Amino acid sequence: MEYNIYCDESCHLPHDNIDLMVIGGISCPKEKTEYINKAIRDIKIRNGVYKFAEIKWTKVSKSKYKMYEELVDLFFDTSYLSFRAVVALNKSHLNYEKFHLSHDDWYQRIYYLTLREIIDIGNNYHVYVDIKDTKGSDKVDKLKDVLNNVVGYFYDETVKNIQLVRSDQIQLLQLADLFIGAVSYANRGLSTNSAKLRLIEHIEEKSNRILTKTTPKVEEKINIFKWLPQEE
């Protein structure tokens, strides 16, 4: 089968005074993407939002809570959608020099950890990454190299392409942003937005999982891994 994976990230900059980074993605069978993208647009329209307006975690509010809850329900009610995220903790503890790494090298490794549990040999994957900055194309090229080095001879058959895209143009990428934002907010221990807290609770109830804990490796619907740097 062919799958599309829509990836985004939160708190990915090295000096943003936030001591964690979240990278995640939603996987969807390629043949189902048009249906899901339309379903997301229909939810917007039902809730009085322009169908091409961008949905994202930063916009979650009391006034639009019902729409965001419906989006979460769409994800859980659709058996073939799955979400995976890696929460990389203690960014300030990273010892780049000891391991001969740059921040971008570490970023690529966390991206690989995210994708590793989504990708199965025998299927084909198209990975879409949200454009964050002018270095996006360089990051994608490096990510291709990382995957190529790891998966070796079957790379060209398994991961067909990794492409930079704009999140405001792809509904499923916006849905990925929503879940990544929820995981980031929960793990940062934030509590200033009651609508966001309510939505996190709704996700946890629907998934029967806590967003601040690593899930079992075999968990497919909502899979979260909390990564810690080596201290020595």
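Residues numbered from 1 in each chain as written. Predicted model: local features only at pLDDT ≥ 70, side-chain atom pairs only at ≥ 80, totals over all residues. Heavy atoms only, no water.

Caption draft 1: The arrangement of the overall build of the chain in detail. Helix and strand content of the chain: 7 helices and 6 strands. Seen in sequence order, the chain has helices and strands lined up from the N terminus as β-β-α-α-β-α-β-α-α-β-α-α-β. Per-residue burial over the chain gives 52% buried out of 232 residues. Across the chain, contacts joining residues at least 24 apart in sequence account for 75% of those joining residues at least 6 apart. Approximately 11700 Å² of the chain is accessible, and the part contributed by carbon and sulfur atoms is 48%. (Helix = DSSP H or I, 4+ residues; strand = E, 2+ residues; numbered from the N terminus. Buried < 20%, exposed > 50% of the residue type's maximum accessible area, 1.4 Å probe, protein only. Contact = heavy atoms within 4.5 Å. Areas by Shrake-Rupley, 256 points an atom, 1.4 Å probe, with all protein chains shown as cover.)

Caption draft 2: Local environment of the packing of helix α6 (residues 171-187) against helix α7 (residues 194-207). Packing of α6 against α7 brings their axes to within 10 Å, and their N-to-C directions diverge by 105 degrees. One finds that α6 runs roughly perpendicular with respect to α7. Packed against α6, whose contacting residues are L178, F179, A182, Y185 and A186, the element α7 presents K196, L197, L199, I200 and I203 at the interface. The class makeup of the residues in the contact of α6 with α7 is 9 nonpolar, no polar and 1 charged. (Axes fitted to C-alpha atoms, helices over the stretch in contact; angles between N-to-C directions. Parallel < 35°, antiparallel > 145°, perpendicular 65-115°, else oblique. Nonpolar A, V, L, I, M, F, W, Y, C, P; charged D, E, K, R; others polar.)

Caption draft 3: Representation of unusual backbone geometry within the structure. The backbone of N208 shows a phi angle near 60 degrees, a positive value even though the residue is not glycine. Here N208 lies in the loop between α7 and β6 (222-227).

Caption draft 4: Molecular detail of the packing of aromatic side chains. All told, the structure shown has 9 aromatic pairs when counted by the stated rule. Pairwise contacts between aromatic rings join F75, F76, F83 and F179 into one cluster. (Phe/Tyr/Trp six-rings, centres within 6.5 Å; stacked < 30°, edge-to-face > 60°.)

Caption draft 5: Quick look at the sheet that holds strand β3 (residues 82-89). Pairing is mixed across the open sheet formed by 6 strands, whose spatial order is β5-β4-β1-β2-β3-β6. The sheet is open, and its two edges are formed by β5 (159-165) and β6, each paired on a single side. The average angle at which neighbouring strand axes cross in this sheet is 20 degrees, direction not considered. Direction of pairing for strand β1 (residues 2-10) relative to strand β2 (residues 20-29): antiparallel, over a ladder of 8 bridges. Within β2, the position partnered with S10 by the bridge is V22. Sheet strands touched by α6: β1, β2, β3, β4 (124-130), β5 and β6. Its angle to β2, the strand with the most contacts, is close to 145 degrees. (Pairing = 2+ DSSP bridges.)

Structural measurements only, silent on function.
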